[in-house]
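Each chain, letter by letter, is given below.
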Amino acid sequence: QLQASGGGLVQAGGSLRLSCTASGRIFEINDMGWYRQAPGKQRELVAAITTGGSTNYVDSVKGRFTVSRDSAKNTVYLQMNNLKPEDTAVYYCHAYLRPRSSDYVRTNWGQGTQVTVSS
């Protein structure tokens, strides 16, 4: 399972750091990342990182957000700087992983953590 933490309320221009750790039976973790869903909007990919460290971001967060991972800890992070009110959403971590060597790759979601940016 994926356990996310680090959300909260912050003023515009502030920073937050989200963390998400995978636990339980894990043979292999592939790409990890973060999605968000604002009220009345579809869930969108915010940032993703491969096992090799390649990253991609949605255009609206480029230059402000940084995704990273600690493979030894099965953890992915999202450093969010210069936050804007439009970043307000529930943020979900995501990972493609295989619980056992005999399993297919599965998509896994964290429980979501609320990020609220006040103007």
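Whatever comes next refers back to the structure up there.
The shown structure was predicted, so the numbers you read here are calculated from the model rather than taken from an experiment.

What counts, and where the lines are drawn
- Residues numbered from 1 in each chain as written.
- Predicted model: local features only at pLDDT ≥ 70, side-chain atom pairs only at ≥ 80, totals over all residues.
- Heavy atoms only, no water.
- Buried < 20%, exposed > 50% of the residue type's maximum accessible area, 1.4 Å probe, protein only.
- Helix = DSSP H or I, 4+ residues; strand = E, 2+ residues; numbered from the N terminus.
- Pairing = 2+ DSSP bridges.
- Disulfide = S-S within 2.5 Å.
- Axes fitted to C-alpha atoms, helices over the stretch in contact; angles between N-to-C directions.
- Core = buried A, V, L, I, M, F, W, Y, C linked by side-chain atoms within 4.5 Å.

> Break down the pairing of strand β8 (residues 75-80) for me, citing the residues and quoting the values.
Where burial is concerned, most of β8 is hidden: five out of the six residues are buried. The pairing of strand β3 (residues 16-22) with β8 spans six bridges and is classified as antiparallel. For leucine 18, the partnering residue across the bridge sits in β8 and is leucine 78. By the bridge criterion, six bridges tie strand β7 (residues 65-70) to β8 in an arrangement that is antiparallel. Each bridged residue has a counterpart across the sheet, and for aspartate 70 the counterpart in β8 is threonine 75. Here β7 hands over to β8 after four residues, with asparagine 74 in that stretch at a positive phi of 55 degrees.

> Lay out the state of the cysteines with the relevant residues and their values.
A disulfide bridge is the covalent bond that connects two cysteines by way of their sulfur atoms. Within the structure shown, the criterion is met by one disulfide. One disulfide bridge connects cysteine 20 with cysteine 93, the sulfur atoms lying 2.0 Å from each other. Negative torsions about the S-S bond denote left-handed disulfides, and the value of about 50 degrees found for cysteine 20 with cysteine 93 makes this one right-handed. Taken as a pair, cysteine 20 in strand β3 and cysteine 93 in strand β9 (residues 89-98) lie far apart in primary sequence, 73 residues in all.

> Go over the pairing of strand β1 (residues 2-5) with me, naming the residues and quoting the values.
Alternating positions in β1 separate cleanly, Leu2 and Ala4 being buried on one face and Gln3 and Ser5 remaining unburied on the opposite face. Where β1 lies against β3, four bridges are found, and the strand directions are antiparallel. Across the sheet, residue glutamine 3 finds its bridge partner in β3, namely threonine 21.

> Outline the sheet that holds β8, supporting the account with residue identities and numerical values.
For sheets, the rule is that strands pair by backbone hydrogen bonds, running either parallel or antiparallel. The strand order β1-β3-β8-β7 describes an open sheet built from four strands, whose pairing is antiparallel. Only two strands of the sheet have a single partner each, and these edge strands are β1 and β7. Adjacent strand axes in the sheet meet at a mean angle of 15 degrees when their direction is disregarded.

> Hey, could you go over the nonpolar core for me, with residue numbers and the actual values?
Membership of the largest hydrophobic core comes to 28 residues, with the highest contact counts inside it found for Trp34, Phe65, Leu78, Met80 and Tyr91. When residues of this core are traced back to their parent elements, those giving at least two are β1, β3, β4 (28-37), β5 (44-49), β7, β8, β9 and β11 (113-118). Ranked by residue count, the leading element in this core is β9, at five residues.

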